[in-house]
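Listed below, chain by chain, are the residues.
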Amino acid sequence: MFNLENSLNLPLIWYALIGTAILLYILLDGFDLGVGILFPFAPSDRCRDRMMNSIAPFWDGNETWLVLGGGGLFAAFPLAYAVLMPAFYFPIIFMLLGLIFRGVAFEFRFKSSGLSRRLWDYAFHFGSLVAAWMQGAVLGTFVQGVRVAGRRFAGGAFDWLSPFSVMTGVALVFGYALLGATWVILKTDGDTQKWARQCARYVSIHVALFMVLVSLSTPFLNDSIKALWFTTPTLFYLAPLPLISVGMFVLLWRDLGQQKESRPFFLSIGLFFANYLGLGISLWPWIVPYRFAFWEAAAAPPSQSLLLVGTLFLLPLILAYTGYCFYTFRGKASHEWGY
Amino acid sequence: MYLFDPVFLARIQFAFTLAFHILFPAFTIGIASWLAVVEWRWLKSGNPVYEAVYRMWVKIFAINFGIGVVTGIVLSYQFGTNWSGFADQTGNVLGPLLGFEVLTAFFLEASFLGIMLFGWNRVGKKVHFAATIIVACGTLISAFWILSANSWMQTPQGFIRKADGLFYPENWIQIIFNPSFPYRFVHMVTAAYLTTAFVVGGVGAYYLWRRRHEAPARVMLGMAMIMAILVAPLQLLLGDMHGLNTLKHQPAKVAAMEGLWETQRGAPLKLFGWPDQEKEITRYALEIPKLSSLILTHDPNGEVKGLKDWPPEDRPPVAWVFWSFRIMVGMGLLMIATGVMALILFLKKTLFQSRWFHLWCMALAPSGFAAVLSGWFVTEIGRQPFVVYNVMRTAESVSPVGAAPITVTLAAFILVYTILFGAGTYYILKVIAKGPVMPEEAPFGTHGLKDPLGLEARSEKPGGSHV
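Keep in mind that what you see is a predicted model, and the values were worked out from it rather than measured. Chains are numbered independently. Their residues run from 1 in the order of the written sequence. Chains and ligands are labelled sequentially in the order written, the chains with letters from A and the ligands with numbers from 1. Totals for whole chains, interfaces and linings use all residues, but because this is a predicted model, local features are given only for residues with pLDDT of at least 70 and pairs of side-chain atoms are given and counted only at 80 or more.

**Regarding the overall build of chain B**
Phase 1 of the analysis: Secondary structure summary: chain B contains 14 helices and eight strands in total.
Phase 2 of the analysis: The C-alpha radius of gyration computed for chain B amounts to 24 Å, which stays within 12% of the reference 23 Å derived for 467 residues, consistent with globular compactness.
Phase 3 of the analysis: Reported as C-alpha extents along the three principal axes, the dimensions of chain B are approximately 70 × 50 × 40 Å.
Phase 4 of the analysis: Neighbour counting defines burial: a residue surrounded by 20 or more other C-beta atoms within 10 Å of its own C-beta is buried, one with 12 or fewer is exposed, and intermediate counts give partly exposed, using backbone-placed C-beta atoms. The buried share of chain B, reckoned over its 467 residues, is 52%.
Phase 5 of the analysis: Here the contacts in chain B between residues at least 6 apart in sequence split such that 74% fall between residues at least 24 apart. Strands are runs of DSSP state E lasting at least two residues, helices are runs of H or I lasting at least four, and both sets are numbered from the N terminus onward. Using C-alpha atoms as the atom set, the radius of gyration is obtained and then compared with a globule rule of 2.2 Å times the number of residues to the power 0.38. Contacts are defined on C-beta atoms placed from the backbone: any two residues whose C-beta positions lie within 7 Å are in contact.

Here it is, written out as structure tokens:
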């Protein structure tokens, strides 16, 4: 049987791959969920049309990374998938229901008018908002850890609900809104862009606030995280990460006051990346925090081997044609529906 | 008695979300391939009728695809939320199959759908055609993996189950190409094609009946009837082969399909009846002697196993399987009859004039959906009480989630999916009411539907909108 166990550290590679898939999901669907979060605040219907068009060709591909995150976790770490999904039962299902409303709103909104169009506007907004908040709450619950007995989740249906998870939920809503606002700056001009700049400024203040709050409260959830960030010498190795974040934030703030069109978006991505990396370092090597390390939850080596070979060929291909699609729809979005 | 049983509730929830979801891929698979053919005809002939047909149906495709995507994402997470025992134990085997579905199909479909829908002014005709073909291939690749995974659960092989209860892969070729997979794959893809053909044919017939859009309507009805004439009888043959494969590997399912309790030689075919699970008989049976043996063993006196060969706790819910099977076969026979009628009318050169036949086609427009749903009811209920046939029971698969959360989320799913279904149907009917727009025609009246922003009319600007 085909097996790469002896030549590669399969669980480690898969831990990195799943981490990358989730990061790509957060960045890519982040900006289109963010557009949904900001949607009703836009100054006119024409702005809303442009915002919608700027993400219409991409949202489906972006959301596929969520399926890869879930499917990949099932394939590479079935134990983690089996423990975590019941632990996140309500937030996952309500996230999915939120994604349903926002996903179909793309099609339905442009085929309706008047009151029903307004209704789909709000379906798009609240669907995005609920999905974003639930994802943040899942993240918060993950960082806090879940109760496990044997190979099963052993907690209650509302274990996930805590002040910390409520806070991470709100934090992610603002984070996505920042990605969304800077995306709109990139993809539009005129009134829409001007409004998006104001939006981005307002949102970024909240992002900074929540970054500080989450960063300061996370170490107090777990002693090893606290030790990691507040003792020498690891403190010195890790210090560049928050410093770079602050630097990027200052740059972002300045860019928003000037006429920069693309840099704010990439700086927002940079901020997300730095935070994600910090979180990843804190949670290493857990896949079910504080109970299973990633190698304890790994699928059988032949299973990980098979999918790894496929991934090595397919992932570059996927990135290539995803890039091609972004290239095809480059430039500013129009307010007219395309087909 | 069942109402507070988490296993029962989890099954109802999964059956509901799955049954709802399958309606959309069944249509998407067929319509994607068909659109590729239409676009090919258009590029080849330059006939604007094909363009009008394509541009109308791509809108319906988009609505359908969108609902398929969002309800499909739900399923990829429900394996964990509802069936974590199953996910934990079978993950080694099924995980890679589902992973490959995402990597080889979902990204492909999602990315090129963008170009297919919005790329008219951004890419050339050939690239656009390539995007349509890629999306069509994506839907088939997706069907390949998911049906492989499902078939492995029906006819598992190529694995060992160790003392820890977990499944470990032994031979991937045996797992992927398990005994029921080729049959199920071909049967399902053909079903998807027929489903699409009858929807398209029904819409074409509606236009002819209303005496509107005659040229595009002829394309729709004509192409649909080619499928009904050629593919509907083929499906009967494929279904028969699939049934014989089931007889070999899952004889209890076939016994339930036949409503047969006693193992017997020369078993009769029960046309109708009411299977009584407790009394172990099929009441009020209308039988044709020896036909069941003849169909299943190709020998009028062949032996067919009855349900009493299995202990009661290993039998599927018989009435569900029995009746679902009859609905599926009934729809198939109606489709074949439609093909025969279409052939006769075509030879008499009155296919596009026979108004009664157009009404008939309109009535049969949803027949494919009924057949697909009832077919899945047969195969999924018929393999109960096992989730992995003869190896793992459904009751072992359930998540440690109580009855209350499942009830709440079930209610939420029913509410949301009802809205989704209503809205989806409404907007699809709206596209149908508007109809295809021919380049030489002035943009059509609005047929009572308001479009004050003129967005739809504008997007349909006649001709030449691609580079």
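Still to come is the rest of the account.
**A short note on the overall build of chain A**
Phase 1 of the analysis: Counting its regular elements, chain A contains 13 helices and four strands.
Phase 2 of the analysis: For the C-alpha atoms alone, the extent of chain A along its principal axes is close to 55 × 45 × 40 Å.
Phase 3 of the analysis: Considering chain A as a whole, with its 339 residues, one finds that 55% of them fall into the buried category.
Phase 4 of the analysis: When contacts within chain A are restricted to residue pairs at least 6 apart in sequence, those whose partners lie at least 24 apart make up 78%.

**Regarding helix H13 (residues 403-434) of chain B**
Phase 1 of the analysis: A helix is expected to span 1.5 Å for every residue after the first. Its 32 residues give H13 of chain B an end-to-end C-alpha distance of 46 Å, which sits within 8% of 46 Å, the value for a rise of 1.5 Å per residue.
Phase 2 of the analysis: When we look at burial in H13 of chain B, the residues that qualify are Pro 405, Ile 406, Thr 409, Phe 413, Tyr 417, Leu 420, Ala 423, Gly 424, Tyr 427, Ile 428 and Lys 434 of chain B.
Phase 3 of the analysis: For H13 of chain B, the elements touching its buried residues are helix H5 (89-110) of chain A together with helix H1 (6-45) and helix H2 (48-81) of chain B.
Phase 4 of the analysis: Of the residues flanking the end of H13 of chain B, it is Gly 435 of chain B, one or two places downstream, whose phi is positive at about 80°.

**Focus on the nonpolar core**
Phase 1 of the analysis: With 256 residues, the main nonpolar core has Phe 77, Ala 80, Leu 96 and Ala 181 of chain A together with Leu 35 and Val 53 of chain B as its most contacted residues.
Phase 2 of the analysis: With residues near it in sequence (within four places) discarded, Ala 80 of chain A still touches Leu 73, Ile 287, Val 288, Phe 292 and Ala 297 of chain A. Structurally, a nonpolar core is described as a collection of buried Ala, Val, Leu, Ile, Met, Phe, Trp, Tyr and Cys residues joined by way of C-beta atoms within 7 Å.

**Describing the interface of chain B and chain A**
Phase 1 of the analysis: Taken together, the contacts link 64 residues of chain B with 63 residues of chain A.
Phase 2 of the analysis: Of all the secondary-structure elements, those providing two or more residues to the side of chain B that touches chain A are H2, helix H3 (84-118), strand E2 (167-169), H13 and helix H14 (455-459) of chain B.
Phase 3 of the analysis: Looking at the side of chain B that touches chain A element by element, the count peaks at 22 residues for H3 of chain B.

**What about the pairing of strand E4 (residues 269-276) of chain B?**
Residue and element names in this part refer to chain B.
Phase 1 of the analysis: Pairing between strands is defined by DSSP: at least two bridges between them are needed. The pairing of E4 with strand E5 (residues 281-288) spans six bridges and is classified as antiparallel. What sits directly across from Lys 270, in E5, is Glu 287.
Phase 2 of the analysis: The loop that links E4 with its antiparallel partner E5 comprises four residues; one of these, Glu 280, has a positive phi angle of about 60°.

**Observations concerning helix H3 (residues 59-76) of chain A**
Helical periodicity: at 3.6 residues per turn, an α-helix aligns residues three or four positions apart in one direction.
Phase 1 of the analysis: Under the 1.5 Å per step criterion, the end-to-end length of H3 of chain A is 26 Å for 18 residues, consistent within 8% with the ideal 26 Å.
Phase 2 of the analysis: Of all the 18 residues making up H3 of chain A, 18 are buried; the element is thus mostly covered by neighbouring parts of the structure.

**Side note on the environment of Leu 18 of chain B**
Residues and elements named next belong to chain B.
Phase 1 of the analysis: By the secondary structure assignment, Leu 18 is in helix H1.
Phase 2 of the analysis: Overall, Leu 18 belongs to the partly exposed group, with 15 C-beta atoms counted inside 10 Å.
Phase 3 of the analysis: Taking C-alpha positions, Leu 18 is 18 Å from Pro 385, a pair spaced 367 residues apart along the chain.

**Description of unusual backbone geometry**
Phase 1 of the analysis: Following Trp 284 of chain A, the chain continues to Pro 285 of chain A via a peptide bond in cis, the omega torsion being -5°.
Phase 2 of the analysis: With respect to the element layout, Pro 285 of chain A can be found in the loop between helix H12 (263-283) and strand E3 (286-288).
Phase 3 of the analysis: The residue after Gln 384 of chain B, namely Pro 385 of chain B, is reached through a cis peptide bond having omega 5°.
Phase 4 of the analysis: Mapped onto the fold, Pro 385 of chain B is located in the loop between helix H12 (367-382) and strand E7 (386-388).
Phase 5 of the analysis: Look at Lys 290 of chain B: it is not a glycine, yet its phi comes out positive at around 65°.
Phase 6 of the analysis: Within the fold, Lys 290 of chain B resides in the loop between E5 and helix H9 (291-297).

**Remarks on the packing of helix H7 (residues 163-187) of chain A against H12 of chain A**
Residue and element names in this part refer to chain A.
Phase 1 of the analysis: Under this scheme, a helix contributes an axis fitted over its contacting stretch, all axes are lines through C-alpha atoms, and angles between N-to-C directions fall in the 0 to 180 degree range. Running from N to C, H7 and H12 point in directions that differ by 155°, and their axes come no closer than 8 Å. What the angle tells us is that H7 and H12 run roughly antiparallel. Judged by the sense of rotation from one axis to the other, the crossing of H7 with H12 is left-handed. From H7, Gly 175, Leu 178, Leu 179, Thr 182, Trp 183, Ile 185 and Leu 186 reach across to H12, where they touch Pro 264, Phe 265, Ser 268 and Phe 272.
Phase 2 of the analysis: For this scheme, ten residues count as nonpolar: Ala, Val, Leu, Ile, Met, Phe, Trp, Tyr, Cys and Pro. Four count as charged, namely Asp, Glu, Lys and Arg, and the remainder, Gly too, count as polar. Grouping the amino acids of the contact of H7 with H12 by side-chain chemistry returns eight nonpolar, three polar and no charged. Angle categories: roughly parallel below 35 degrees, roughly antiparallel above 145, roughly perpendicular from 65 to 115, and oblique for all the rest. It is the rotation of the near helix from the far one that decides the hand of a crossing: anticlockwise by less than a right angle makes it left-handed, clockwise makes it right-handed.

**Here's the deal with the packing of H1 of chain B against H13 of chain B**
All names here are of chain B.
Phase 1 of the analysis: Look at H1 against H13: their axes get within 9 Å of each other, and the N-to-C directions meet at 20°. In this view, H1 runs roughly parallel relative to H13, as classed from their interaxial angle. Note that H1 runs across H13; the crossing there is left-handed. Each of Pro 6, Leu 9, Ala 10, Ile 12, Gln 13, Phe 16, Thr 17 and Phe 20 in H1 lies in contact with H13, whose residues at this interface are Ala 403, Ile 406, Thr 407, Thr 409, Leu 410, Phe 413, Ile 414 and Tyr 417.
Phase 2 of the analysis: Grouping the amino acids of the contact of H1 with H13 by side-chain chemistry returns twelve nonpolar, four polar and no charged.

**Re the environment of Ser 224 of chain A**
All names here are of chain A.
Phase 1 of the analysis: Of note, Ser 224 is situated in helix H9 (residues 223-230).
Phase 2 of the analysis: By C-beta crowding, Ser 224 is classed as exposed, having 12 other C-beta atoms within 10 Å.
Phase 3 of the analysis: Separated by 141 residues in the primary sequence, Ser 224 and Val 83 have C-alpha atoms spaced 22 Å apart.

**Details of the confidence of the model for chain B**
Residues and elements named next belong to chain B.
Phase 1 of the analysis: Within a predicted model, pLDDT stands for the predictor's per-residue confidence, ranging from 0 to 100. Taken as a whole, chain B shows an average pLDDT of 89; of its residues, 93% reach a score of 70 or greater.
Phase 2 of the analysis: Confidence over residues 441-467 falls short of pLDDT 50; this stretch has 38 contacts with residues more than four positions distant or in other chains.
Phase 3 of the analysis: This prediction of the complex comes with two scores: 0.90 for pTM and 0.89 for ipTM.

**Re the environment of Phe 65 of chain B**
Residue and element names in this part refer to chain B.
Phase 1 of the analysis: Within the secondary structure, Phe 65 is located in helix H2.
Phase 2 of the analysis: Judged by C-beta crowding, with 26 C-beta atoms within 10 Å, Phe 65 ranks as buried.
Phase 3 of the analysis: It is 28 Å that separates the C-alpha atoms of Phe 65 and Gly 339, two residues lying 274 residues apart in sequence.
Phase 4 of the analysis: With near-sequence residues (within four places) excluded, Phe 65 lies in contact with Thr 28 and Leu 113.

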